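The lines below spell out each chain.
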Amino acid sequence: LHKEYRRQRQMCIRDSAYVAESRLSQEDFEGALTLAQRGLKRDATESSARHSLLHTAGLAAAMTGRIDLSTDYLRQYMRQAEQPGRIDLLVLGKNLYELGHEAEAIGYLTRVDDDTPDFMSQLSHYYLGLTNLSSGKSSSALSSFDRAAEIDVYAPLTEDAQFNGALAAYAAHQGLSLIHI
């Protein structure tokens, strides 16, 4: 009887993970976060369900503006993930940049670009540029902004990268710390 209860409980947790992911994909971020948190409270000992719930909770929390909560869930997710998804790396890196943890942010943001010239690669280089610029690493910032502009899949981001690249070049030349978001 105990084994049957445990099996049913694990099925319920897997179902929660599935429904939470579904809500996330439907852009019901509050619903996804609530379901993921509920599933995590049920002591999700099955690693695949817990992994999914942490991923969903981290992304949903970020989309609802709860950066600290998102960071906590995504850090837990990263500890379990053999190969974390690019979106998880990007969101965690962006969160850490916004929280002022530049060195840690750089570690995640540099792992996003897999030589695919897509929006995620462009955005990761843009945030690498911002992170490096706020850390006073103007030449690294300039390289990151240049790479983001070179990828050029989203014109407004390309323009921002070019502008911030010019600021980074000026800061390097003048020894200033400037940032434009």
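Use the structure listed above.
As the structure is a prediction and not an experimental result, all values here were calculated from the model.

## Section: the packing of helix H4 (residues 67-80) against helix H5 (residues 86-98)
Two measures define how a pair of helices packs: the angle their axes make with one another and the distance between the axes.
Point 1. Between H4 and H5, the shortest axis-to-axis distance is 10 Å and the interhelical angle comes to 135°. Here H5 runs oblique to H4, going by the angle between their axes. Note on packing geometry: the crossing formed by H4 with H5 is left-handed. The residues of H5 that touch H4, namely those facing Ile67, Ser70, Thr71, Leu74, Arg75, Tyr77 and Met78, are Asp88, Leu89, Val91, Leu92, Asn95, Leu96 and Glu98.
Point 2. A per-class count over the contact of H4 with H5 returns 8 nonpolar, 3 polar and 3 charged.

## Details of the nonpolar core
Point 1. Residues Tyr126, Tyr127 and Phe145 are the most contacted members of the largest nonpolar core, which totals 47 residues.
Point 2. Take this core: its biggest share by element is 7 residues, from helix H3 (residues 47-63).
Point 3. With sequence-adjacent residues up to four places away left out, Tyr127 is seen in contact with Lys94, Tyr97, Glu98 and Leu109.

## Re the packing of helix H7 (residues 119-134) against helix H8 (residues 138-151)
Point 1. In the contact formed by H7 and H8, the axes pass within 7 Å of each other and the chain directions differ by 160°. Judged by the angle between their axes, H7 and H8 are roughly antiparallel. In this structure, H7 meets H8 at a crossing whose hand is left-handed. Side by side, H7 and H8 meet where Ser121, Gln122, His125, Tyr126, Leu128, Gly129, Leu130, Asn132 and Leu133 of the first sit next to Ser138, Ser140, Ala141, Ser144, Phe145, Arg147, Ala148 and Ile151 of the second.

## Thoughts on the packing of aromatic side chains
Point 1. Summed over the entire model, instances satisfying the criterion amount to 4 aromatic pairs.
Point 2. Where Phe119 meets Tyr154, the ring centres are 5.6 Å apart and the plane angle is 85°; that geometry is what we call edge-to-face. Of the two residues, Phe119 sits in helix H7 while Tyr154 sits in the loop between H8 and helix H9 (155-174), which places them 35 residues apart along the sequence.
Point 3. In this structure an aromatic cluster arises from ring pairing among Tyr97, Tyr126, Tyr127 and Phe145.

## A short note on the environment of Ala49
Point 1. As for its position among the elements, Ala49 is in helix H3.
Point 2. By relative accessible area, Ala49 is classed as buried at 3%.
Point 3. With 32 residues separating them in the primary sequence, Ala49 and Ala17 have C-alpha atoms 6.0 Å apart.
Point 4. Aside from chain neighbours lying at most four places away, what touches Ala49 is Ile13, Arg14 and Ala17.

## Section: the pattern of salt bridges
Point 1. Throughout the structure, instances matching the rule amount to 8 salt bridges.
Point 2. Between Asp28 and Arg23 there is a salt bridge; the shortest N-O distance is 3.7 Å.
Point 3. Its relative accessible area of 32% is what places Arg23 among the partly exposed residues.
Point 4. Among the ionic pairs, Asp118 bridges to Arg86, the shortest N-O distance being 2.8 Å. You can see Asp118 sitting in the loop between helix H6 (102-109) and H7 and its partner Arg86 sitting in helix H5, a full 32 residues away along the chain.
Point 5. It is possible to trace a salt-bridge network through shared partners that takes in Arg86, Asp114 and Asp118.

## Re H3
Point 1. Taking 1.5 Å per residue, 17 residues should reach 24 Å; H3 reaches 24 Å between its end C-alpha atoms and fits that length.
Point 2. Within H3, the full set of buried residues consists of Ala49, Ser52, Leu53, Leu54, His55, Thr56, Ala57, Gly58, Leu59, Ala60 and Ala61.
Point 3. With its phi angle positive at about 80°, Gly65 sits one or two positions after the end of H3.

## Here we look at a nonpolar patch on the surface
Point 1. A contiguous nonpolar patch, built from Phe119, Val153 and Tyr154 and spanning about 280 Å² of accessible area, is present on the exposed surface.
Point 2. Using a relative accessible area of 43% as the deciding quantity, one classes Tyr154 as partly exposed.

Reading the values: the criteria
- Residues numbered from 1 in each chain as written.
- Predicted model: local features only at pLDDT ≥ 70, side-chain atom pairs only at ≥ 80, totals over all residues.
- Heavy atoms only, no water.
- Axes fitted to C-alpha atoms, helices over the stretch in contact; angles between N-to-C directions.
- Helix = DSSP H or I, 4+ residues; strand = E, 2+ residues; numbered from the N terminus.
- Parallel < 35°, antiparallel > 145°, perpendicular 65-115°, else oblique.
- Left-handed = near helix turned anticlockwise from the far one by under 90°.
- Contact = heavy atoms within 4.5 Å.
- Nonpolar A, V, L, I, M, F, W, Y, C, P; charged D, E, K, R; others polar.
- Core = buried A, V, L, I, M, F, W, Y, C linked by side-chain atoms within 4.5 Å.
- Buried < 20%, exposed > 50% of the residue type's maximum accessible area, 1.4 Å probe, protein only.
- Phe/Tyr/Trp six-rings, centres within 6.5 Å; stacked < 30°, edge-to-face > 60°.
- Salt bridge = Lys/Arg side-chain N within 4 Å of Asp/Glu carboxyl O.
- Expected span 1.5 Å × (residues − 1).
- Patch = residues over 30% accessible without salt bridge, like charges linked within 9 Å, V, L, I, M, F, W, Y side chains within 5 Å.
- Areas by Shrake-Rupley, 256 points an atom, 1.4 Å probe, with all protein chains shown as cover.

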